[in-house]
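# Structural features, examined
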Protein chains: 2
Amino acid sequence: MMTDRVFNFSAGPAVLPVSVLEQAQRDLLGLPGVGISVLEMSHRSAPFEAIIESAEANLRRLLNIPSNYRVLFLQGGSRLQFSMIPMNLAADGQRTPNYILTGSWGKNALQEAVKQGDVHVAWDGKSHNYNCLPDAEDIDYSDNAAYVHFTSNETIQGVQFNSEPETNGIPLVCDASSDFLCRPLPVERYGMIYACAQKNAGPAGVTVVIIREDLLARGPDNLPGYLNYRSHNDNQSMWNTPPTFAIYILDLVTRWLLDDIGGLDHMLEINRRKSQMLYQVIDDCEGFYDGHADRESRSLMNVTFRLPSDELQKAFLEQAAERKLCELKGHRSVGGIRASIYNAMPVEGVESLAEHMRQFSTANR
Amino acid sequence: MMTDRVFNFSAGPAVLPVSVLEQAQRDLLGLPGVGISVLEMSHRSAPFEAIIESAEANLRRLLNIPSNYRVLFLQGGSRLQFSMIPMNLAADGQRTPNYILTGSWGKNALQEAVKQGDVHVAWDGKSHNYNCLPDAEDIDYSDNAAYVHFTSNETIQGVQFNSEPETNGIPLVCDASSDFLCRPLPVERYGMIYACAQKNAGPAGVTVVIIREDLLARGPDNLPGYLNYRSHNDNQSMWNTPPTFAIYILDLVTRWLLDDIGGLDHMLEINRRKSQMLYQVIDDCEGFYDGHADRESRSLMNVTFRLPSDELQKAFLEQAAERKLCELKGHRSVGGIRASIYNAMPVEGVESLAEHMRQFSTANR
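Residues numbered from 1 in each chain as written. Chains lettered and ligands numbered in written order. Predicted model: local features only at pLDDT ≥ 70, side-chain atom pairs only at ≥ 80, totals over all residues. Heavy atoms only, no water.

On to the interface of chain A and chain B. In many analyses, interface size is given as the accessible surface area lost on bringing the parts together. Contacts between the two partners involve 62 residues from chain A and, on the opposite side, 62 residues from chain B. Both faces considered, chain A and chain B share a buried interface measuring about 4,900 Å² in area, 61% of it formed by carbon and sulfur atoms. Broken down residue by residue, the surface that chain A buries against chain B is led by Leu29, Leu39 and Glu40 of chain A, which jointly contribute 16%. Summed over the shared surface of chain A and chain B, the number is 2 salt bridges. Residue glutamate 40 of chain B pairs with arginine 5 of chain A through a salt bridge whose shortest N-O separation is 3.0 Å. On the surface where chain A and chain B come into contact, there are 23 residue pairs in polar contact (both at pLDDT 80 or more). For the side of chain A that touches chain B, the secondary-structure elements that each account for two or more residues are helix H1 (18-26), helix H3 (77-89) and helix H7 (244-261) of chain A. In terms of residues, the side of chain A that touches chain B owes the most to one element, H1 of chain A, which gives 6 residues. Looking at the side of chain A that touches chain B, its residues break down into 29 nonpolar, 21 polar and 12 charged. (Contact = heavy atoms within 4.5 Å. Buried area = accessible area lost by both parts, 1.4 Å probe. Salt bridge = Lys/Arg side-chain N within 4 Å of Asp/Glu carboxyl O. Polar contact = N/O pair within 3.5 Å; in protein donor to acceptor, adjacent residues only side chain to side chain. Helix = DSSP H or I, 4+ residues; strand = E, 2+ residues; numbered from the N terminus. Nonpolar A, V, L, I, M, F, W, Y, C, P; charged D, E, K, R; others polar.)

The subject of this paragraph is the relation of the copies chain A and chain B. Overlaying chain A with chain B gives an RMSD of 0.0 Å, the required rotation being 180° about an axis along which the chain moves by 0.0 Å. In short, the pair behaves as if placed about a two-fold rotation axis. Proximity to the rotation axis, assessed at the C-alpha, singles out glutamine 25 of chain A in chain A; its C-alpha lies 2.6 Å from the axis. (Least-squares fit on C-alpha atoms with pLDDT ≥ 70 in both.)

Residues and elements named next belong to chain A. Here we have 7 strands laid out as an open sheet, ordered S2-S10-S9-S8-S5-S3-S4, and mixed in their pairing. Edge positions in the sheet fall to strand S2 (69-74) and strand S4 (120-124), since each of these pairs with one other strand and no more. Taken over all neighbouring pairs, the strand axes of this sheet differ in orientation by 15° on average, direction set aside. As defined by bridge partners, strand S8 (residues 172-175) adjoins strand S9 (residues 192-196) across 3 bridges and the pair is classed as parallel. (Pairing = 2+ DSSP bridges. Axes fitted to C-alpha atoms, helices over the stretch in contact; angles between N-to-C directions.)

Take the confidence of the model for chain A next. Across chain A, the average pLDDT comes to 96, with 99% of residues at or above 70. Both confidence scores are given for the complex: pTM 0.98, ipTM 0.98. (pLDDT = per-residue confidence, 0-100.)

To continue, consider the packing of helix H2 (residues 46-63) of chain B against helix H7 (residues 244-261) of chain B. Residues and elements named next belong to chain B. Axis separation between H2 and H7 bottoms out at 9 Å; the angle between their running directions is 40°. In terms of their interaxial angle, H2 and H7 are classed as oblique. Seen along the crossing, H2 lies across H7 with a hand that is left-handed. Residues Phe48, Ile51, Ile52, Ser54, Ala55, Asn58, Leu59, Arg61 and Leu62 of H2 pack against Thr244, Ile247, Tyr248, Leu250, Asp251, Thr254, Arg255, Leu257 and Leu258 of H7. Here the contact of H2 with H7 is composed, by residue class, of 11 nonpolar, 4 polar and 3 charged. (Parallel < 35°, antiparallel > 145°, perpendicular 65-115°, else oblique. Left-handed = near helix turned anticlockwise from the far one by under 90°.)

The gaps of empty space that remain are located by a probe, the size of a water molecule, rolled over the atoms. Taken as a whole and judged by the stated rule, the model has 6 cavities of 30 Å³ or more. The set of elements that each furnish at least two residues to the lining of the largest cavity consists of H7 of chain A together with H7 of chain B. Broken down by class, the residue content of the lining of the largest cavity amounts to 11 nonpolar, 2 polar and no charged. (1 Å grid on protein atoms, 1.4 Å probe; cavity = no way out; pocket = protein on both sides within 12 Å on 5 of 7 lines; lining within 4 Å. Points joined across faces, edges and corners; volume = space filled by probe spheres on them.)

And the structure:
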């Protein structure tokens, strides 16, 4: 079975650790000692409670989450968060949400926020074609800001923040969907961090929200129950039936990060090494590959570049597929090539892609 | 592995067909010919598009869904539907949502609807302790009703409609979460049918919405994107990343219903037979088991009853567990015993429970 697997560079849902898939496979007909598959397991049962508690504990260990932050497991992806954030955190109408836009997902978040009230754009990378990050002095916050929203890694553009923007006390809200768990984070600098799981943390269908306790109070009582963070917080993410199997896989992935990888410092080292292999080829190819992101803004997770022509790009993808290097096509909105090299992408997959890039550029230059 | 499995009477997430679990297990490291697990598969990939199209086609065949109805795969469970329904279908403020309450889930639906505006309760089974269904002449619709909402099967009370309430042209909206696919349905009598999957259709994390096309137009443009049925409809349920693995399991379950069971007529026959086995014991036990539902309102899916004392109930559950009959405790809000015997519960499981009930009542009468 293993020999059939390809290297999956999909931007999400994305590659998972083989050992996680093997454990899930082994126990798919019944968790040992329980006799019920996690797919069939009541969310109120003791075995599932152990799973969701373990998933939270793993996240707390990996990210060193302070005790005044709550961890929630929700549905609806980042898209639903784009609405829930202003509905919960800026409901009083007195304070203005601020948005830093470094790519497509930040713009999607903004698009939902404006439906809920006035919004201020503190920085917009549009004039740079979203290939870079803001300089600190160019970010312009509004008076009385409700929060500052930013996207730590723009999956489509391949642009990633190296550190948090300074907000001078305004709660910082981060869409970390595509770089969550790729490195340690100073959680105490955030008001809220959220991430859909299907890049680094698990399969599609569960979204992790890490929120500072005091911000929970901002949600008005008349919000739809599912959209109020307090509903979920007050019920340990069981206000409704949570996506049990997705949380189970997230538990296995976070355990893999702790036990097999050795924590997020090690994960970061590996991610630096993997991404450097590809950026090195881009830098060495005398312009054959045109990297989208500025050097200082390059993503550890999504390496984006273009080839000299559509014809060459087509040939590049076809020859990659022959090497079992798959899902390398860029997002339909921007084109080009995107190699998503999340935590679970093996070093060998990246090595093989780097080799392909080198050979292809030599042959076609 | 199979020998370790117990009979899982959980109300949801609930038992799945063993053949479905076996197929999912076999392909968990990579779908044949694809080399990528469904857990890792891009929702935009051809193999996943084949899965979601197959899931919809299976549902259309099983329920004979007319072509002017759309099938959507959403997240957030029925709880999010409780809000989305009034937000989409009664947004003009001119028409009043009507609710028929036959148990706990109908009341939960109402609780969210009232946050969105005026609501009319057309019938409430409260004075009967939610053990029965309304007589047609007792249902009192308001003038200018936006829709009529009812819960076809009340999981907690074990009360199920045998046929649709007559609404004289008012769009009928049905929470079919816990009896979806247990029998054929005249879809053309409905405006909308919705069901979270984790009873009869799959694992937790996906909710099926079947909605008549003309009702999609009712959703206002300024709704949060995720909460507008049109967002999902216009993008074939891919406005955001859908819960891919849950949809895959739903595809396998619906294929099992078509190929192994032979369709919903056959499924209904089996469900009648299974539930009758348990109700027969209740009727034969001279009052030892106190069934909650009126005879005419008894559910095919959730058989609810009480024992003469808490002590006897405890012993009943302990001895059931020794026979590998698990998850029989009633919902924490009402207590008692609840045997959920969804489609995938094997006849042998129900036979074994009926035998246990008979022996236990004889021994303890």
